[in-house]
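Fold and contact review
Chain residues, written in single-letter form:
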Amino acid sequence: MRRKKIISVAIALFLIVSTAVIAANKPAKTKANKMPDNVHAIIKKSCFGCHNTNSQNEDAKEDLDFNKLEGLSKMQKIGAYKDIIDVVEENEMPPEKFVQKHADKKLTAAEKKTLIDWAKKEANALMKAKK
Ligand code: HEC
């Protein structure tokens, strides 16, 4: 009886430890994944095509690479969010030429507001954060 109990305790411990080890080895979910779904959908539709690591558009990815956003320093991130707010507010992005060809990628007023609100919130949170 006693022996059985020890074995089941040992099994339980093993399960707990191995789950913890597996969890620790999993790559931490990046913040990019935590981007709200609605924001992610807008960026994917209207921005990501040019602003990603594999983009052929060197100027675009040099200025802003959404794949690398999370790896930036705090100050760089704040700068990136501010730039995003600026270009969206001023209707500079997506570029006019691009929108003329792809009318469906133009940001609607609601999408602009969603993007701007999100970027402001992220920038504010970073500015308030101690580290
Ligand atoms: C068709 C390609 C394309 C798309 C789509 C696009 N961009 Fe850009 N973006 C560029 C290029 C090229 C530059 C760099 C040259 C320039 O400023 O025009 C740039 C520059 C930027 C910059 C830096 C501006 C600055 O003044 O430093 C930001 C921020 C930016 N884009 C955000 C966005 C956002 C947000 C979207 C989606 C709403 C978007 N872009 C969609 C091509 C694109």
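The model shown is predicted, which means the values in this text are computed figures rather than measured ones.

**Quick word on the nonpolar core**
Counting 15 residues, the largest nonpolar core has Cys 47, Ile 84, Val 88, Leu 115 and Ala 119 as its most contacted members. At the level of elements, helix H3 (37-46), helix H5 (74-89) and helix H7 (109-128) are the ones that each hand at least two residues to this core. Looking at this core element by element, the count peaks at four residues for H5. Residues contacting Ala 119, with those up to four places away along its chain left out, are Tyr 81, Ile 84 and Ile 85.

**Comments concerning H5**
Taking 1.5 Å as the rise per residue, H5 with 16 residues should run 22 Å; its terminal C-alpha atoms sit 23 Å apart, in good agreement. Of the positions making up H5, those classed as buried are Ala 80, Tyr 81, Ile 84 and Val 88. For H5, the angular spread of buried residues about the axis comes to 95 degrees, placing them on one side. Exposed and oriented more than 90 degrees from the buried face of H5 are Met 75, Gln 76 and Glu 89. Looking one or two residues past H5, Asn 91 carries a phi angle of roughly 55 degrees, positive in sign.

Rules of the game
Residues numbered from 1 in each chain as written. Predicted model: local features only at pLDDT ≥ 70, side-chain atom pairs only at ≥ 80, totals over all residues. Core = buried A, V, L, I, M, F, W, Y, C linked by C-beta atoms within 7 Å. Buried ≥ 20, exposed ≤ 12 C-beta atoms within 10 Å, placed from the backbone. Helix = DSSP H or I, 4+ residues; strand = E, 2+ residues; numbered from the N terminus. Contact = placed C-beta atoms within 7 Å. Expected span 1.5 Å × (residues − 1). Arc of directions from axis to C-beta.

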